[in-house]
Amino acid sequence: MTIQAIRTGFFAAVLLLATPLAADPLSATAPGAPVEEGAGAALAREAQIVIDAILEHHVDPPTRQEMWLAGARAVLAYAGVVQHRGLSAEISGLTAPDDFVAFAKRLCLIDEVRLKSPAALREAFIDGLLEALPGGGRLIPQKELIVQEQFEGNRYIGTGIALTYDQEKKFPQIAQVIPGGPMERAGGRHGDLILRIDDRDAHGLNIQQMIDLLRGEEGSSVALVVGEAVSNSRTLNVTRGPVVFETIEGVRKADDQSRWDFHIDARSSICCLKVVRINGSAVHDLKKIESQLRNSGAKAVILDLRTVHEGELHHAVLLADALLDGGLIGRVRGQAEVQEFRADRDRVFRDWPVVLLVDRHTGGAGEWVAAAVQDNRAGIVVGEESAGMFQVHSRVTLSGMDSALTLNTGVFERPDKRRVPAGYVQHSRAGAEAPPPGPKGQVTPDFSISAGERELMAARLPMLRRPFPPGAAPDGSPASDPILNLAVKVLKARLNVGQSDGN
Amino acid sequence: MWGSLMATDAIAILRQPNTRCGIGARVVVALLLAAIASRPGSAADDPESPFASARLRGPVALVLADAGKTLLTANRRAGTISIVDTTAGRVVAEVPVGKNLSALAAVPGGRLLLATDEAAHELLLIDRNENSLKTVARWPVAQYPVSVRVSPDGERCYVASLWSRRLSIVCLESGAENTQPAELSLVKSVSLPFAPRQQLLVENGKRLLVADSFAGKLAVVDTASGEIEAIRQLPAHNIRGLALNPDGSRLLVSHQILNALARTTPDDVHWGMLMGNVVRSLKLAYVLDKEADILRGSLAHPVGEAGNAAADPATIALTAGGEIAVAMSGVGEIGFFPDDDSTFRRVAVGGRPTELVVSADGSRVFVADELRDTISFVDVKEARRTAEISLGPQPELSLADRGERFFYDGHLSHDGWMSCHSCHTDGHSNGLLNDNLGDGGFGAPKRVLSLLGVGRTGPWAWNGEVAELDAQIKKSIETTMRGKKPKDDQVAALAAFLRTLTSAPPLNPKSESDQAAITRGREIFAERQCGRCHTPPEYTSEATYDVGLKDQFNYSKFNPPSLRGVSQRDALFHDNRAANLEEVFTRFTHQVDGELPEKDLTDLVAFLRSL
């Protein structure tokens, strides 16, 4: 599974809040495109933009001819051309830019291909090209890009609702009001039907149309008539503003429901923080929680990275930096350069034992963080072997296409354990070497659950959106979260040692 | 009317070590004290009063006297000391004592004050008799003195000198009842591996902590021997406040944190990833023990938060209730918070509050506003400003003076996270790496450049792609600080201010260095044709050059930074890869064709350190 595939899946629910799906990312006329540009020339122009970006940025790009071949095959398949002899040989002989333009024109003059719209052909070509690209790739229209960047930075601008559609009454409906967001402040409630939006009747509007109407600049307002029915409605004036999503959740909500309780149980000094997403505010949120924990008597912390695979490299690096007391976070080896990331000494949870929970679904950003912490001996890793997803994807702006391209631009390399600076080794099992990484660089836990427990975990994955302490599992079964239980056991032993050491 | 103020005639007399401060043999300077004209201050409504005259004062240091009834301010721009009656809430006198005052301290048990004059490079001993001040001694100290602390017994003082990187330990010999002519004698001049500013005496004066003015070093000095016991390193820069907690077990340090891994994106700035403003609480025992991890048991109290940040935390003091009071100089506020961070109370005082003191009864805080020339009285319990005292009228500000205000104003940045000063500390540099768009993209952080002398060293940015200073200022505000688009007059004012900044003085001035080595070094500089890129008189040029140094994206053409003041940079090249000037030539063989004999290297470095 590629990172990109996971990323798309992970964000599906969130994108529902505001993002129109790009049915035809290439349909818009690109800036600068000649008005009378033929289908072949247009296809060649956009293909060259995308292929040039791949050749410049992909960690291990195919040849230009290979990409043209993949794209051309996709076009032919889309047009229903079953067989096209000599295609590979023909493309292999192309070298000069004009050769490719001429080929694209010939391609678009094939009878079956001519019947298709130029926009659809371009889409088919680029889809085919990206499908064949090692590590995958995705074209993101500018409109979607803005929203995606807002989500990544955790500074989405909107009204702060998730929408659904009432099939019976034919009105959009508020499925969720984001806590602290503009809609909550305006008085919107879960279950409200949206009857009018500004001066437009919302009856019959589909979700995508609603999203387009709801989105706008920060500070702008939208008037919504909401309620159970037209006869029983109220008007809300919603000022669009930042909608901030929680990045870290606790074990349970505190009594007043306003904040999370992170303690494993009321008497425990061990806390568990479930990382929901690694984005621009994750470190900020972690620091705020740290302050809360210090005042609540906490002495040890579990950071649950299970199922965490989404997140930008940059945000993973910042999170690792916040967990490390100096040391090498890792390197990213690109096509022509190596970026090295070193942590400073400013960190959270200083002097506390820290355990990171990982499982087979911990990949990408979550896995890089766990690897950096483990390799620098800044925490103990408990759970299962991680997924082994070390491909780094980045966005590249495509000038002339009003889009960006996400592609595999590098490989994350774990820190070299032999170079861990002296003095940074903490909380490790006394004298024990870190377990060697898996064949793909996976994080191998310092403490693993048993094979039987792994089976249990696999069966209960859907429940593990949030850790649950012993005796408090959703299904009421004891030992229902063996990874968490093992982490608590490890930490209790560590805290007991610390007390006997006088620490 | 103060023309009668005369420079003190000082006569140096070699004397035997005195018995009071006694450490080894030393040169003692006794000062023949001239009676210096002084007179009581007049009422503020007296047009003849010096504090009725329009001028810039710049209060930078505060001392409470008379059991809190009197507040004394040392004024940097005016070279005066203002005397404020805290009961009446008014200025009662202002006395010229020097050129550019940088610090003020009271000698325990008497009427004597000590002040430092950064421009005259002097330590001043001042006798106060109610509202009159008499400068009884002027004593030359290491150049650019910026802070002074007095030992609890009043027998010694410690003067930190910025650009000369020295700590002067001075014995105070005062006469009976502190009213007689005094003597000052140098006990020891301590060379520091950084440019110092803040100081704090700990362990009842047995040790002195001296903090880096720009980056994050902290020196632990044994006050009895004058020896540096340890140089500690904090993940910090811009250290502007040092204090002890009530039981003396923890050291509080106000500073900033610039994360080289963060980028100057709106998101990283917004969430405080790029610039942190904190009061760090350290266990004093671990600070003093050079074998201990200085950060063990430490906490970083955030000052400000996302959406409402607080650039440039400065002086710290403890209130009677045990709260920490911190001047948030970049946003014109002060903050109060308890040790557990459970609350954070903010009080707007305006301008640039850099210095504060807590009243004798602990109920009030007096805050000096360096740029607006005011003293704010803040009620601690209510977290409310109850009065603002003007130290005197200001003249119409020049363009550069307005620029200085913008330079220190965190409101130019998104949510107040940073001012220009936050990275370009006092116009110089914090010496750290920052990943901004100065090179056109993110991923290759580069050293923050000093702005001292910047008006003569264009083009700007490491890649030299910004031809106009105004354009660089706009770019920095919009794409590094992520502030709103600045107005043209703001940019013009900032440019005017930056053009007033002169290069950092050499660490080894020619007058104190081996002239022969410097001369020989200059010849080597010429022989090796270093001037092709580092062209005198500013020792820079307008082009970019590939000298074989690549950034993380293999970009290798850089505009050569000016070598003026190069001795004041702790690390060199675009990514701080060279730890010192010697490494530039030995480890990185920077433009060294063939062998560079050791003697040549020594002389070349001596020459560079004289620039």
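Higher on the page you've got the structure.
How each quantity is defined
- Residues numbered from 1 in each chain as written.
- Chains lettered and ligands numbered in written order.
- Predicted model: local features only at pLDDT ≥ 70, side-chain atom pairs only at ≥ 80, totals over all residues.
- Heavy atoms only, no water.
- Helix = DSSP H or I, 4+ residues; strand = E, 2+ residues; numbered from the N terminus.
- Buried < 20%, exposed > 50% of the residue type's maximum accessible area, 1.4 Å probe, protein only.
- Contact = heavy atoms within 4.5 Å.
- Areas by Shrake-Rupley, 256 points an atom, 1.4 Å probe, with all protein chains shown as cover.
- Polar contact = N/O pair within 3.5 Å; in protein donor to acceptor, adjacent residues only side chain to side chain.
- Disulfide = S-S within 2.5 Å.
- Pairing = 2+ DSSP bridges.
- Axes fitted to C-alpha atoms, helices over the stretch in contact; angles between N-to-C directions.
- Buried area = accessible area lost by both parts, 1.4 Å probe.
- Salt bridge = Lys/Arg side-chain N within 4 Å of Asp/Glu carboxyl O.
- Nonpolar A, V, L, I, M, F, W, Y, C, P; charged D, E, K, R; others polar.
- Expected span 1.5 Å × (residues − 1).
- Core = buried A, V, L, I, M, F, W, Y, C linked by side-chain atoms within 4.5 Å.

1. Examining the overall build of chain A
Assigned secondary structure in chain A consists of 16 helices and 21 strands. Per-residue burial for chain A yields a buried fraction of 55% across its 503 residues. Look at the contacts in chain A between residues 6 or more apart in sequence, and 70% of them connect residues 24 or more apart. With an accessible surface of roughly 21500 Å², chain A has 51% of that area assigned to carbon and sulfur atoms.

2. Observations concerning the environment of B:Arg577
All names here are of chain B. Within the secondary structure, Arg577 sits in the loop between β35 (557–558) and α8 (581–586). Owing to a relative accessible area of 25%, Arg577 belongs among the partly exposed residues under this scheme. Distance in space between the C-alpha atoms of Arg577 and Arg447 is 9.9 Å, their sequence separation being 130 residues. If we skip the residues at most four places from it in the chain, Arg577 touches Leu549, Lys550, Leu572, Glu583, Arg587 and Phe588. A distance of 2.9 Å separates a polar atom in the side chain of Arg577 from a polar atom in the side chain of Asp575.

3. With respect to the state of the cysteines
Residue and element names in this part refer to chain B. Tallying each qualifying case throughout the model produces 0 disulfides over all chains. A disulfide-free cysteine, Cys420 has its sulfur positioned 9.4 Å from the sulfur of Cys423, the nearest such atom. Classification of Cys420 as buried rests on a relative accessible area of 13%. The structure places no disulfide on Cys530, whose sulfur is separated from the nearest cysteine sulfur, that of Cys533, by 8.8 Å.

4. Structural notes on the sheet that holds strand β6 (residues 101–106) of chain B
The strands making up a sheet associate through backbone hydrogen bonding, with each pair oriented either parallel or antiparallel. All names here are of chain B. Spatial strand order, β6-β7-β8-β9: 4 strands in an open sheet with antiparallel pairing. At either end of the open sheet lies a strand with only one pairing partner, and these are β6 and β9 (132–140). Each strand axis lies, on average, 25° off the axis of its neighbour in the sheet, ignoring direction. Of the pairings in the sheet, the one linking strand β7 (residues 112–117) to strand β8 (residues 122–129) comprises 6 bridges and is antiparallel in character. What sits directly across from Ala115, in β8, is Leu124.

5. Describing the pairing of strand β15 (residues 327–334) of chain A
Each regular strand shows side chains that alternate between the opposite faces of the sheet. All names here are of chain A. Burial within β15 is extensive, with 7 of its 8 residues counted as buried. Bridge count for β15 against strand β16 (residues 338–343) is 6 bridges, and the pairing is antiparallel. By the bridge assignment, Gly327 is partnered in β16 with Ala343. Across 4 bridges, the pairing between β15 and strand β20 (residues 403–413) is antiparallel. Pairing of Val332 across the sheet is with Phe412, part of β20.

6. Observations regarding the sheet that holds strand β28 (residues 353–358) of chain B
Residue and element names in this part refer to chain B. Pairing is antiparallel across the open sheet formed by 4 strands, whose spatial order is β28-β29-β30-β31. Each edge of the open sheet is held by one strand with a lone partner, namely β28 and β31 (384–390). Neighbour to neighbour, the strand axes of the sheet diverge by 25° on average, direction disregarded. In the sheet, strand β30 (residues 374–379) pairs with β31 via 6 bridges, with the strands oriented antiparallel. Across the sheet, the residue bridging to Ser376 is Glu388, located in β31.

7. Brief notes about the interface of chain B and chain A
How large an interface is tends to be reported as the accessible area lost when its parts come together. Across the boundary between the two partners, chain B contributes 28 residues, which contact 33 residues of chain A. Buried area between chain B and chain A, summed over both chains or domains, comes out near 2500 Å², and the portion from carbon and sulfur atoms is 50%. Where chain B packs against chain A, one counts 4 salt bridges. Our count for the chain B to chain A interface comes out at 12 residue pairs in polar contact (both at pLDDT 80 or more). Residue contributions to the side of chain B that touches chain A peak at 4 residues, all from helix α1 (residues 266–270) of chain B. Broken down by class, the residue content of the side of chain B that touches chain A amounts to 11 nonpolar, 8 polar and 9 charged.

8. Structural notes on the pattern of salt bridges
All names here are of chain B. By the definition in use, this model includes 59 salt bridges over all chains. We note a salt bridge from Arg128 to Asp66, for which the minimum N-O separation is 2.6 Å. A residue pair is termed long-range when its members are at least 10 positions apart, and Arg128 in strand β8 and Asp66 in the loop between β2 (59–65) and β3 (70–75) qualify at 62 residues. Here Arg128 falls in the buried class, since its relative accessible area comes to 8%. For Asp66, a relative accessible area of 39% translates into the label partly exposed. Between Glu333 and Arg346 there is a salt bridge, and its shortest N-O distance comes to 2.9 Å. With Glu333 in strand β26 (residues 333–337) and Arg346 in strand β27 (residues 345–348), this residue pair connects regions lying 13 residues apart in the sequence. Take Glu333: its relative accessible area is 14%, and that puts it in the buried class.

9. Let's talk about the side chain of B:His421
Residue and element names in this part refer to chain B. Relative to the helices and strands, His421 resides in helix α4 (residues 420–423). On the accessibility criterion, His421 (1% relative accessible area) is buried. In this structure, His421 is in contact with Asn238, Arg240, Asp312, Arg352, Phe407, Tyr408 and Asp426, ignoring residues within four places of it in sequence.

10. Topic: helix α4 (residues 64–79) of chain A
An α-helical turn contains 3.6 residues, so a residue and the one three or four places further along point in the same direction. All names here are of chain A. Taking 1.5 Å per residue as the helical rise, α4 with its 16 residues ought to reach 22 Å, and the 23 Å between its terminal C-alpha atoms agrees with that figure. All of the buried residues along α4 are Met67, Trp68, Leu69, Ala70, Gly71, Ala72, Ala74, Val75, Leu76 and Ala79. Looking at the buried positions of α4, the neighbouring elements they touch are α3 (39–57), α5 (87–92), α6 (97–109), α7 (111–114) and α8 (118–131). Just past α4, the residue Gly80 takes up positive phi, approximately 85°.

11. Examining the nonpolar core
Within the largest apolar cluster, 90 residues are counted, with the highest numbers of intra-cluster contacts made by A:Leu273, A:Leu286, A:Leu293, A:Leu323, A:Ile329, A:Phe349 and B:Leu498. Element by element, the count of residues in this core is highest for helix α13 (residues 313–323) of chain A, at 8 residues. Grouped together as the second largest cluster of nonpolar side chains are 39 residues, A:Val50, A:Val75, A:Ile126 and A:Met401 included.

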